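# Residue-level structural notes
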Amino acid sequence: MQFKVTAQSLQKTFPGITLPAEALAAELNLDLGHLQLLRDGFNEWDAADETVCLLLLYLIHEINQGSLCLHLRDERLLAFASQLDLPGSPEDWLAIDWHAFSLSGHAMFVLANDCLYLRKYHNAEQQLTADISRLITGFTGSAFTAEHINGVLSELLGQLKFERVEPKQIQAIAICLLQSFSIISGGPGTGKTTIMLSVLRGLVKLGYAVDSMALAAPTGRAANRMSEAIRHGIQHDIRDPDETDQALTELEATTIHRLLGARATRGGFQHGSDNPLRCQVLVVDEVSMVDIMLMKQLMSAVADDCRVILLGDQFQLPSVNAGAVLSDLMPPQEVVGYCSEQLLEDLQVMLAGCPEADAIVHSLQCVNKPQLLTDRVTVLSVSKRCQPEIAAASELVRQGRSSALTRLLPVIDEVHATPDSGLAWLPETLNVDQWRGFYLNWIGRYYQSHQGNFKAQLDVLEGFAETQIQLYDNALGAIFKVIGQCRILTFVNQTEVGATRMNEVVCQWMRSWLGEPAGLWFHGAVVMMQENNHTLGIYNGDVAILLRASSGQMRAVFPHSGGYQSHSVHVLPRFTAAYAMTVHKSQGSEFTHVLMPFPDRPEHRLMCREILYTGMTRAKQSVTLYARGVSLRAAIERKTRRHSGLSFWYNPSKKR
Ligand SMILES: Nc1ncnc2c1ncn2[C@@H]1O[C@H](COP(=O)(O)OP(=O)(O)OP(=O)(O)O)[C@@H](O)[C@H]1O
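This one's a predicted model, so the numbers in the text were calculated from it and none came from an experiment. (Residues numbered from 1 in each chain as written. Predicted model: local features only at pLDDT ≥ 70, side-chain atom pairs only at ≥ 80, totals over all residues. Heavy atoms only, no water.)

## Describing the overall build of the protein
To be explicit about the condition: By definition, any uninterrupted DSSP run of H or I lasting at least four residues is a helix, any uninterrupted run of E lasting at least two residues is a strand, and each is numbered from the N terminus. With C-alpha atoms as the basis for the radius of gyration, the globule rule is written as 2.2 Å multiplied by the number of residues raised to the power 0.38. Buried residues are those whose accessible area, probed at 1.4 Å on protein chains only, stays under 20% of the maximum for their type, while exposed residues exceed 50% and partly exposed ones sit between those limits. Residue exposure ignores everything except the shown protein chains as possible cover, and the areas themselves are Shrake-Rupley values with a 1.4 Å probe. His is not counted, nor are the chain ends; Lys and Arg add positive charge and Asp and Glu add negative charge. By convention, the charge on Lys lies at NZ, on Arg at CZ, on Asp at CG and on Glu at CD.
Looking only at helices and strands, the protein features 26 helices and 23 strands. Relative to the 2.2 N^0.38 estimate, which gives 26 Å for 656 residues, the radius of gyration of the protein is 26 Å and therefore close to what a compact globule would have. Its C-alpha atoms give the protein principal-axis dimensions of roughly 75 × 65 × 55 Å. When burial is assessed residue by residue, the protein has 58% of its 656 residues classed as buried. Total accessible area on the protein is roughly 27,800 Å²; 48% of this is exposed by carbon and sulfur atoms. For the protein, the centre of its 56 positive side-chain charges and the centre of its 67 negative side-chain charges are spaced 3 Å apart.

What follows is the structure, encoded as structure tokens:
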């Protein structure tokens, strides 16, 4: 938990140094923990002057914004320095002897490639780089020739039920079978899970045992979705699944923390370089949510004979903690689609007989000096699930094209005009009561138009027999379909456009619509967990419906392994209403219709492209934005920027 630093605490921490404390506290994202570390240092360092102090405060700010380091030539730093009359230039700052600043005999900072690091982040970055290199160049597991893969690949493609497998999907499967380390990035519905399934099936055909495979994701909910997706894929997308497919459906994905054996009390992990994981294939999903420290630990625990496949969407929100590992590992836009001559030759052999072979080969360009990751990444871009207008609009957001997007958005002025399909923009002109009326109408429309599936089924479930939940599959199925219809996704928790307030207002309306008495919770309330409970198999972000059971007790019912499970509300982790949730919480979920209200301050720090992109791409059918034009433009134009030294994997000689 971070405590916001005040001007007063800054002055107290650095009494000998004249600082524009008010400006610093207002503009920088500082925390007390890091500040105390600097205070301890300043007591020991003779050479620390005002410039050092300000640069280190800016370093803390950058770390708290998710960067691993401070780029000493960064334009924003230069603008900030000139605003504060900070003496010197980047050349002077680079010439400071940063190694001289140590605490208890340990150097605290590292300067590398014009970037200033706290040592722990530099070490993490170095170790991650070394481990990924090791997994690529020192792989000791089974490798397959292109000829060998050719037979398996055509069998795999022939077993997919789709009318057309996209060229990039085929390329991704081929690359994952060929390479010991590969990454697939793509937006929602572009087929990452489908590819993963084909790759796992291919590896089984090539001789890997199902029990040598491990699946992991950063959160329990994402891990659950991964296992469910495999079961669903085998059932629906594969022609004539056989026994090994059946075995694959039994693979249970786990959280990365659990896989690594995180120690609850002593901290640290059981698995690392000295005690590697035993799996020979590791697939990690939702990698955009994994921070540098966890990724470093995970890669260090992967044995030399293990294949690694990373899946995620590089354009989604980066991890809560420091780093943007997935996007750092992906190629910059200008080198997407580049590969080595060797890969091109291999692809020609692997794809022999495949009707898409020419399209794939012609979409690639050879580079003279391939780097470590050049031949190991595939970007998927055709969504097989998302409504085309939403896909096109989210692409404009991703590219930061605010004018093009605002031109594309149909402007509406009332709730009845919100579309059943596609996009709409309601410019923010409503007063508080009108705004509440708007979103109650919006939510009410979906719940009321499905009354028979929601209100009527709640009557069926009133006083349900808690030990025989399987008897209510139909009623619960109908209810969860309605719950998945609509969600308000917010940037913030507080204010009239924040999840907390909106949930209160919606709960009040729901209670009265359902005719429920006053009280803390009610029969039919839709709720979301805010913590994990591994024993119950319940995870942060899981959504449940509260129902009164035959015992009179309120119970929460969750979808679980194709059926449902119920728990007394008294044993649940902390939970909240789920009609509105922050975009951060919605990661990995999908809804038919999404309403996104923007904070009215365009300069709000959460107003950024990645949040808007992540929120919009949660919607399958319609997105309605409630925003001032200036806020909408600000969000699209502000890109999250996290500095690290990891982005040199494609062209190390390129200067930033
Ligand atoms: N080539 C294809 N043709 C038709 N449908 C496809 C194709 N590829 C995948 N699908 C279907 O599209 C849907 C989305 O695919 P999948 O779940 O693999 O995407 P994803 O990228 O993993 O999505 P998410 O990020 O939301 O988990 C699935 O229902 C899948 O069956």
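Having seen the structure, we can now continue with the description.
## Here's the deal with helix α23 (residues 499-514)
We count it as follows: In this analysis, the expected span of each helix is defined as 1.5 Å times one less than the number of residues it contains. Contacts are assigned to residue pairs with any non-hydrogen atoms lying within 4.5 Å of each other.
Taking 1.5 Å per residue as the helical rise, α23 with its 16 residues ought to reach 22 Å, and the 21 Å between its terminal C-alpha atoms agrees with that figure. Buried within α23 we find Ala499, Met502, Asn503, Val505, Val506, Cys507, Trp509, Met510, Arg511, Trp513 and Leu514. Residues of α23 that are buried make contact with α20 (432-449), α21 (451-461), β15 (486-490), β20 (575-577), β21 (580-582) and β22 (591-597). A positive backbone phi angle near 70 degrees is found at glycine 515, which sits one or two residues after α23.

## Some words on the pattern of salt bridges
Formally: Salt bridges are defined by distance alone: a side-chain nitrogen of Lys or Arg within 4 Å of a carboxyl oxygen of Asp or Glu.
For the structure shown, the criterion picks out 22 salt bridges. We note a salt bridge from glutamate 516 to arginine 548, for which the minimum N-O separation is 3.0 Å. Here glutamate 516, found in the loop between α23 and β16 (526-529), pairs with arginine 548, found in strand β17 (residues 543-548); they are 32 residues apart in sequence, far enough to count as distant. Notably, a salt bridge pairs lysine 639 with glutamate 610, separated by 3.9 Å at the nearest N-O pair. A residue pair is termed long-range when its members are at least 10 positions apart, and lysine 639 in the segment after α26 (629-637) and glutamate 610 in helix α25 (residues 609-616) qualify at 29 residues. Note on lysine 639: relative accessible area 46%, which makes it partly exposed. Linked through salt bridges whose partners overlap, the residues forming this network are Arg164, Glu166, Glu356 and Lys384.

## Brief notes about the site of the ligand
Put simply, the rule reads: Residues are classed as near a molecule or strand on a simple rule: at least one heavy atom within 4 Å of it. Here a polar contact means two N or O atoms within 3.5 Å. Within protein one must be a hydrogen donor candidate and the other an acceptor candidate, and residues neighboring in sequence count only if both atoms are side-chain atoms. Throughout this entry, Asp, Glu, Lys and Arg are counted as charged residues, while Ala, Val, Leu, Ile, Met, Phe, Trp, Tyr, Cys and Pro are counted as nonpolar. The remaining residues, Gly among them, count as polar.
Around the ligand lies a shell of 16 residues, among which Lys192, Thr193, Thr194, Asp237 and Arg385 are the nearest. In the environment of the ligand, an oxygen atom lies 3.2 Å from a nitrogen or oxygen atom belonging to the backbone of threonine 190. One of the side-chain N or O atoms of threonine 194 is found 2.5 Å from an oxygen atom in the ligand. Relative to its free-state accessible area of 630 Å², the ligand is covered by the protein chains to the extent of 80%. If you list the elements that add at least two residues to the shell around the ligand, you get α10 (192-205) and α11 (220-237). With three residues, α10 is the largest single contributor of residues to the shell around the ligand. Split into classes, the residues belonging to the shell around the ligand amount to three nonpolar, seven polar and six charged.

## Description of the UniProt feature "binding site: ATP" (unreviewed entry) in the protein
Our working definition: UniProt positions are given in the numbering used here, feature names are shortened, and annotations may be inferred rather than shown by experiment.
Mapped onto this structure's residue numbering, the UniProt feature "binding site: ATP" (unreviewed entry) falls at Gly186, Gly187, Pro188, Gly189, Thr190, Gly191, Lys192 and Thr193. For glycine 186, a relative accessible area of 2% corresponds to the buried category. What glycine 186 contacts, discounting residues up to four positions off in sequence, is Lys192, Gly312, Asp313 and Leu380. What makes glycine 189 buried here is its relative accessible area of 13%.

## Topic: the packing of aromatic side chains
To keep things clear, this is the line we draw: Centre distance within 6.5 Å is the pairing criterion for rings of Phe, Tyr and Trp, where only the six-membered ring of Trp is used; planes under 30 degrees apart are then read as stacked, over 60 as edge-to-face, and the remainder as tilted. Charges are assigned to positions over rings by a cutoff of 6 Å between ring centre and Lys NZ or Arg CZ, combined with an angular limit of 35 degrees from the ring normal.
Throughout the structure, instances matching the rule amount to 22 aromatic pairs. Arranged with centres 5.2 Å apart and planes meeting at 80 degrees, the rings of tryptophan 442 and tyrosine 446 form a pair that is edge-to-face. Of this pair, tryptophan 442 and tyrosine 446 are both found in helix α20, four residues apart, which corresponds to roughly one turn of the helix. Of the two residues, tryptophan 442 and tyrosine 446, neither departs from the other in class, the shared state being buried. Relative to tryptophan 513, the ring of phenylalanine 454 lies with its centre 6.4 Å away and its plane at 5 degrees, an arrangement referred to as stacked. Taken together, the residues phenylalanine 454 in helix α21 and tryptophan 513 in helix α23 connect sequence positions 59 residues apart. As far as burial versus exposure is concerned, phenylalanine 454 and tryptophan 513 are alike and both buried. Every member of this aromatic cluster is reached through a ring pair, and the members are Phe14, Phe42, Trp45, Trp98, Phe101 and Phe109. Lying across the ring of phenylalanine 315, arginine 398 places its NZ or CZ 4.0 Å from the centre.

## Observations regarding the side chain of arginine 398
Structurally, arginine 398 is set in helix α18 (residues 388-398). The class for arginine 398 is buried, based on a relative accessible area of 17%. Excluding anything up to four places from it in sequence, arginine 398 contacts Phe315, Gln333, Arg609 and Tyr613.

## Quick word on the packing of helix α9 (residues 167-178) against α10
Using the following cut-off: Axes here refer to lines fitted to C-alpha atoms; in helices the fit is confined to the stretch in contact. Angles between the N-to-C directions go from 0 to 180 degrees. Should an angle lie under 35 degrees it is considered roughly parallel, over 145 roughly antiparallel, and from 65 to 115 roughly perpendicular; all remaining angles are considered oblique. It is the rotation of the near helix from the far one that decides the hand of a crossing: anticlockwise by less than a right angle makes it left-handed, clockwise makes it right-handed.
Close contact between α9 and α10 brings their axes to 9 Å; oriented N to C, the two are set at 40 degrees. Here α9 lies oblique to α10, going by the angle between them. Judged by the twist between their axes, the crossing of α9 over α10 is right-handed. Together, Gln169, Ala172, Ile173, Cys176 and Leu177 of α9 and Ile195, Ser198, Val199, Gly202 and Leu203 of α10 make up the contact between the two elements. Residues belonging to the contact of α9 with α10 are distributed by class as follows: seven nonpolar, three polar and no charged.

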